[in-house]
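Here's the letter readout for the chains.
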Amino acid sequence: MSVHKEVKRVTTLTLQEMKQRGEKIAMLTAYDYSMAKLIDASGIDVILVGDSASNTMAGYETTLPMTLDYMIYHAASVVRAVNHALVVVDLPFGTYQGNSIEALNSAIRVMKESGAHAIKIEGGQEIQESISRIISAGIPVMGHLGLTPQSIFKFGTYGVRAKEEKEAERLIADAKLLEELGCFGIVLEKIPATLAAKVAQEVNIPIIGIGAGSEVDGQVLVMHDMLGITQEFAPRFLRRYLNLADEIKTAVNQYVDDVKNVNFPSEKEQY
Ligand code: KIV
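So, how was this worked out
Along every chain, residues carry numbers that run from 1 in the direction the sequence is written. For this predicted model, a pLDDT threshold of at least 70 governs which residues receive local features, and a threshold of 80 or more governs which side-chain atom pairs are given and counted, while totals over whole chains, interfaces and linings are taken from all residues. The side-chain numbers reported here are obtained from all heavy atoms of the structure, hydrogens and water having been left aside. Where helices and strands are cited, they refer to DSSP runs of H or I of at least four residues and of E of at least two residues respectively, numbered from the N terminus. The globule rule used for comparison is 2.2 Å times the number of residues to the exponent 0.38, while the radius of gyration itself is calculated over C-alpha atoms. Buried means the residue's accessible area, taken with a 1.4 Å probe over protein chains only, is under 20% of the maximum for its type, while exposed means over 50%, and partly exposed covers the values in between. Residue contacts follow a heavy-atom distance rule, with two residues in contact if any of their heavy atoms lie within 4.5 Å. All accessible-area figures derive from a Shrake-Rupley calculation using a 1.4 Å probe, and residue coverage is judged against the displayed protein chains alone. Positive residues here are Lys and Arg, negative ones are Asp and Glu, while His and the chain termini are left out of the count. Each charge is placed at NZ for Lys, CZ for Arg, CG for Asp and CD for Glu. Definitions used throughout: a 1 Å grid over protein atoms alone; a cavity as a set of points that fits a 1.4 Å probe which cannot get out; a pocket as an open set with protein on both sides within 12 Å along at least five of seven lines; a lining residue as one with an atom within 4 Å of a point. Grid points are joined across faces, edges and corners, and a volume is the space filled by probe spheres set on the points. Gly is put with the polar residues, along with every residue not named as nonpolar or charged; the nonpolar set is Ala, Val, Leu, Ile, Met, Phe, Trp, Tyr, Cys and Pro, and the charged set is Asp, Glu, Lys and Arg. Think of each axis as a best-fit line through the C-alpha atoms, taken over the contacting stretch in the case of a helix, with angles from 0 to 180 degrees between the N-to-C directions. In what follows, roughly perpendicular refers to angles from 65 to 115 degrees, roughly parallel to angles under 35, roughly antiparallel to angles over 145, and oblique to any angle outside these ranges. Crossings are classed by handedness, with left-handed meaning an anticlockwise turn of the near helix from the far one by less than a right angle and right-handed meaning a clockwise turn. Here a strand pair is declared whenever DSSP counts at least two bridges between the two strands. Think of it this way: a Phe, Tyr or Trp ring, Trp meaning its six-membered ring, pairs with another when their centres are within 6.5 Å, and the plane angle makes it stacked under 30 degrees, edge-to-face over 60, tilted otherwise. Geometrically, a charge over a ring is one whose NZ (Lys) or CZ (Arg) sits within 6 Å of the ring centre while staying within 35 degrees of the ring normal. Summary of the distance rule: residues count as near a molecule or strand when at least one heavy atom falls within 4 Å of that molecule or strand. Here a polar contact is recorded for every N or O atom pair within 3.5 Å, except that within protein the pair must consist of a potential hydrogen donor and a potential acceptor, and residues adjacent in sequence are included only if both atoms are side-chain atoms. Remark: nonpolar core denotes a set of buried residues (Ala, Val, Leu, Ile, Met, Phe, Trp, Tyr, Cys) joined through side-chain atoms within 4.5 Å. Expected span, for any helix, means 1.5 Å times one less than how many residues it has. The arc refers to the directions leading from the helix axis to the C-beta atoms.

A. Structural detail: the overall build of the protein chain. Across its full length, the protein chain holds 11 helices and 8 strands. For the protein chain, the C-alpha radius of gyration of 20 Å lies close to 18 Å, the compact-globule estimate for 271 residues. C-alpha atoms of the protein chain, sized along the principal axes, occupy 65 × 50 × 40 Å. Residues classed as buried in the protein chain amount to 49% of the 271 residues present. A fraction of 58% describes how many contacts in the protein chain between residues 6 or more apart in sequence connect residues 24 or more apart. Surface accessibility of the protein chain: about 14,400 Å² in total, with carbon and sulfur atoms responsible for 53%. Charged side chains in the protein chain number 26 positive and 34 negative. The centres of these two groups are separated by 2 Å.

B. Structural view of empty space enclosed by the protein. Counted under the stated rule, the structure contains 1 cavity of 30 Å³ or more. Of the pockets and cavities examined, the largest cavity occupies roughly 30 Å³. Along the walls of the largest cavity sit Ile-172, Ala-175, Lys-176, Lys-198, Val-199, Glu-202 and Val-203, which together make up its complete lining. The set of elements that each furnish at least two residues to the lining of the largest cavity consists of helix H8 (165-181) and helix H9 (193-202). Here the residues of the lining of the largest cavity sort into 4 nonpolar, no polar and 3 charged.

C. Structural view of the packing of H8 against H9. At their nearest, the axes of H8 and H9 sit 10 Å apart, and the two run at 30° to each other. Classified by the angle between their axes, H8 and H9 sit roughly parallel to one another. For the pair H8 and H9, the sense of crossing is right-handed. Facing H8, whose interface residues are Ala-168, Leu-171, Ile-172, Ala-175, Lys-176 and Glu-179, H9 presents Leu-195, Lys-198, Val-199 and Glu-202.

D. Highlighting the sheet that holds strand S4 (residues 118-122). What the 8 strands build is a closed barrel, ordered S1-S2-S3-S4-S5-S6-S7-S8; its pairing is parallel. With strand direction ignored, the average angle separating the axes of adjacent strands in the sheet is 25°. The sheet contact formed by strand S7 (residues 207-210) and strand S8 (residues 218-221) spans 2 bridges and is parallel. Following the sheet pairing, Ile-208 is matched in S8 by Gly-218. Across the sheet, H8 lies against strand S5 (141-146) and strand S6 (185-189), angled at about 180° from S5, the strand it touches most.

E. Just the packing of aromatic side chains, in detail. Scanning the entire structure with this criterion turns up 2 aromatic pairs. With centroids separated by 6.5 Å and ring planes inclined at 70°, the aromatic side chains of Phe-233 and Phe-237 adopt a geometry described as edge-to-face. Since its relative accessible area comes to 37%, Phe-233 is described here as partly exposed. Taking NZ or CZ as reference, Arg-161 lies 3.9 Å from the ring centre of Phe-155, over its face.

F. Focus on the site of the ligand. What surrounds the ligand is the set Thr-29, Leu-48, Gly-50, Asp-51, Ser-52, Asp-90, Lys-120, His-144, Val-187, Glu-189, Ile-210 and Val-222. In the model, an oxygen atom of the ligand is placed 3.1 Å from a nitrogen or oxygen of the Asp-90 side chain. For the ligand, an oxygen atom lies 2.9 Å from a polar atom in the side chain of Lys-120. Here the ligand loses 95% of its free accessible area of 260 Å² to cover by the protein chains.

G. Just the nonpolar core, in detail. Among the nonpolar cores identified, the biggest contains 62 residues, and Ile-47, Leu-91, Ile-119, Ile-121, Ile-134 and Leu-188 are the most heavily contacted of them. If we ignore the near neighbours within four places in the chain, the residues touching Ile-134 are Leu-91, Ala-103, Leu-104, Ala-107, Ile-119, Ile-121, Ile-139 and Val-141.

H. Looking closely at helix H5 (residues 100-114). The end-to-end C-alpha separation of H5 is 21 Å, in line with the 21 Å expected for 15 residues at 1.5 Å each. Here H5 has its buried residues at Ser-100, Ala-103, Leu-104, Ser-106, Ala-107, Val-110 and Ser-114. One side of H5 holds all its buried residues, which, seen down the axis, span an arc of 160°. The opening residue of H5, the one whose side-chain oxygen lies 3.0 Å from the backbone nitrogen of Ile-101, is Asn-99. Phi turns positive, to about 80°, at Gly-115, one or two residues after H5.

I. Seen up close, the side chain of Lys-120. The topology assignment puts Lys-120 in strand S4. Within polar-contact distance, the side chain of Lys-120 engages the side chain of Asp-90 at 2.7 Å. Contact partners of Lys-120, with chain neighbours within four places excluded, come to Leu-48, Val-88, Val-89, Asp-90, Leu-91, Met-142, Gly-143, His-144 and Val-187.

Written out as structure tokens, the structure reads:
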């Protein structure tokens, strides 16, 4: 008898097939066991353990402080919850840019210590050696182009990227290079919708957009943003499906009142 659960898991091949038949890919971030369990059971295709954990979980202003140890902790928590989705983990800032051996070692640690299925890495031509080395070790790699938050101090702004022709051409070339190197997909963040559509047409691997319009192969959002937990962040591309911050505040206010007024616990809620 097999000890493994009999469930149809999403793989990188599944995503490729979805692109081929025009079925859109739904991806969300998660960083902990309980939320990952809920999201996975709701039929999400891909869960990204994003280094946005730096913002949502740790309260840092940027993603730069995130460490490999923290990413592995979050990823392992998510992996324990997931039966269906493909789990992709961000390599954090400073763990792959130095040289390709360091990049491979970082990717191996994520795969070995968290049990995740793939890694994501920001950048194009400048990190091609790292991408090749990681893929040559049998680790699936997802690229990330456009607004790459780990380079925020180089950009100086979280504004839309690749509006100028030169940067747009470079982005298309990078996307083609990532496909050639063997990446199984690419996240395109905050670029003009027409450019994202062109990339999705010109490369054969799935293109997942965030602030990149609808003519791509799938969408990704940060879970805390789409559930309305984060309130201060309101870019144009974000759709909030819940206002969880208000719901949590109302529930906690009610609890505080009940405790103060001895409405909780009731007779039925004690032994
Ligand atoms: O870290 C993250 O959550 C991401 C998404 C914004 C794509 O990279």
